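Here are the chains, one letter per residue:
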Amino acid sequence: MNAESAGRQPSALGGEIVGRIDEFAAISETPEHLTRVFLTREHRAAADLILGWMRSAGMHAQLDAIGNVCGRYEGERPGLPCLMLGSHYDTVRDAGKWTGRSD
């Protein structure tokens, strides 16, 4: 989501979130199954999509030395410690877009 989505109704935001999940899940080795293995072409395409979303939301976003997506919002006083959250965007073979298993 971005600054434009901040004023939308919950149902519109839900639709945007599901749309992004669908867009993200479409990045796969094959159209039949969700498979995005670490450091493959699909993994990089997913990283680029996430980077674009982060930058659209006003974050400073980059890939680190091993291909992790890193994004940061600066606080009122840049350089202070921050809260960090993380996840992965690679998958097992034949994964699911909602649960990590085939849906």
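As shown above, the structure is provided for reference.
Residues numbered from 1 in each chain as written. Predicted model: local features only at pLDDT ≥ 70, side-chain atom pairs only at ≥ 80, totals over all residues. Heavy atoms only, no water.

S.K.: Help me understand the environment of Glu74 in this model?
M.R.: Tracing the backbone through its elements, the reader meets Glu74 in the segment after strand E2 (69-72). Note on Glu74: relative accessible area 45%, which makes it partly exposed. Taking the C-alpha atoms as reference, Glu74 lies 8.4 Å from His60; in sequence the two are 14 residues apart. Within the local environment of Glu74, its side chain forms a polar contact with the side chain of Arg72, the two groups lying 2.9 Å apart. Within polar-contact distance, the side chain of Glu74 engages the backbone nitrogen of Gly79 at 3.2 Å. (Helix = DSSP H or I, 4+ residues; strand = E, 2+ residues; numbered from the N terminus. Buried < 20%, exposed > 50% of the residue type's maximum accessible area, 1.4 Å probe, protein only. Polar contact = N/O pair within 3.5 Å; in protein donor to acceptor, adjacent residues only side chain to side chain.)

S.K.: Before we go on, may I ask you to explain the nonpolar core in this structure?
M.R.: In summary, soluble globular proteins display a tendency toward joint burial of nonpolar side chains. In this structure, Phe24, Ile27, Ala46, Ala47, Leu49, Ile50, Leu51, Met54, Met59, Ala61, Val69 and Tyr89 together form the largest nonpolar core, which totals twelve residues. At six residues, the largest contribution of residues to this core is made by helix H2 (residues 41-56). Ignoring any residue separated from it by four or fewer positions in sequence, one finds Leu49 in contact with Glu23, Phe24 and Ile27. (Core = buried A, V, L, I, M, F, W, Y, C linked by side-chain atoms within 4.5 Å. Contact = heavy atoms within 4.5 Å.)

S.K.: I tried to follow the packing of aromatic side chains on my own but got confused; where do I start?
M.R.: Aromatic rings in a pair are described by how distant their centres are and how their planes are angled relative to each other. Evaluated as defined, the whole model comprises one aromatic pair. On the basis of an interplanar angle of 50° and a centroid distance of 6.3 Å, the ring pair of Phe24 and Trp53 is categorised as tilted. Taken together, the residues Phe24 in helix H1 (residues 10-25) and Trp53 in helix H2 connect sequence positions 29 residues apart. You can call Trp53 partly exposed: its relative accessible area is 22%. The ring of Phe24 carries the charged tip of Arg36 above its face, separated from the ring centre by 4.2 Å. (Phe/Tyr/Trp six-rings, centres within 6.5 Å; stacked < 30°, edge-to-face > 60°. Lys NZ or Arg CZ within 6 Å of the ring centre and 35° of its normal.)

S.K.: Explain the pattern of salt bridges to me, please; I cannot follow it from the model alone.
M.R.: Opposite charge on two side chains makes pairing possible when the charged atoms of those side chains draw close. Tallying each qualifying case throughout the model produces five salt bridges. Residue Arg44 pairs with Asp48 through a salt bridge whose shortest N-O separation is 2.9 Å. Of this pair, Arg44 and Asp48 are both found in helix H2, four residues apart, which corresponds to roughly one turn of the helix. When its relative accessible area of 47% is taken as the criterion, Arg44 is described as partly exposed. According to the relative accessible area criterion, Asp48 is partly exposed, its value standing at 38%. (Salt bridge = Lys/Arg side-chain N within 4 Å of Asp/Glu carboxyl O.)

S.K.: I keep staring at the side chain of Arg36 and nothing clicks. Help me out?
M.R.: Locating Arg36 in the fold gives a position in the loop between H1 and H2. Buried charge Arg36 goes without a salt bridge, the closest partner of opposite sign being Asp90 at 7.2 Å. Within the structure, Arg36 has its side chain in polar contact with the backbone oxygen of Tyr89 (distance 2.6 Å). Those residues within four positions of Arg36 in sequence are excluded, and the remaining contacts are Phe24, Ile27, Glu42, His43, Ala46, Tyr89, Asp90 and Thr91. (Lys, Arg positive; Asp, Glu negative; His and termini not counted.)

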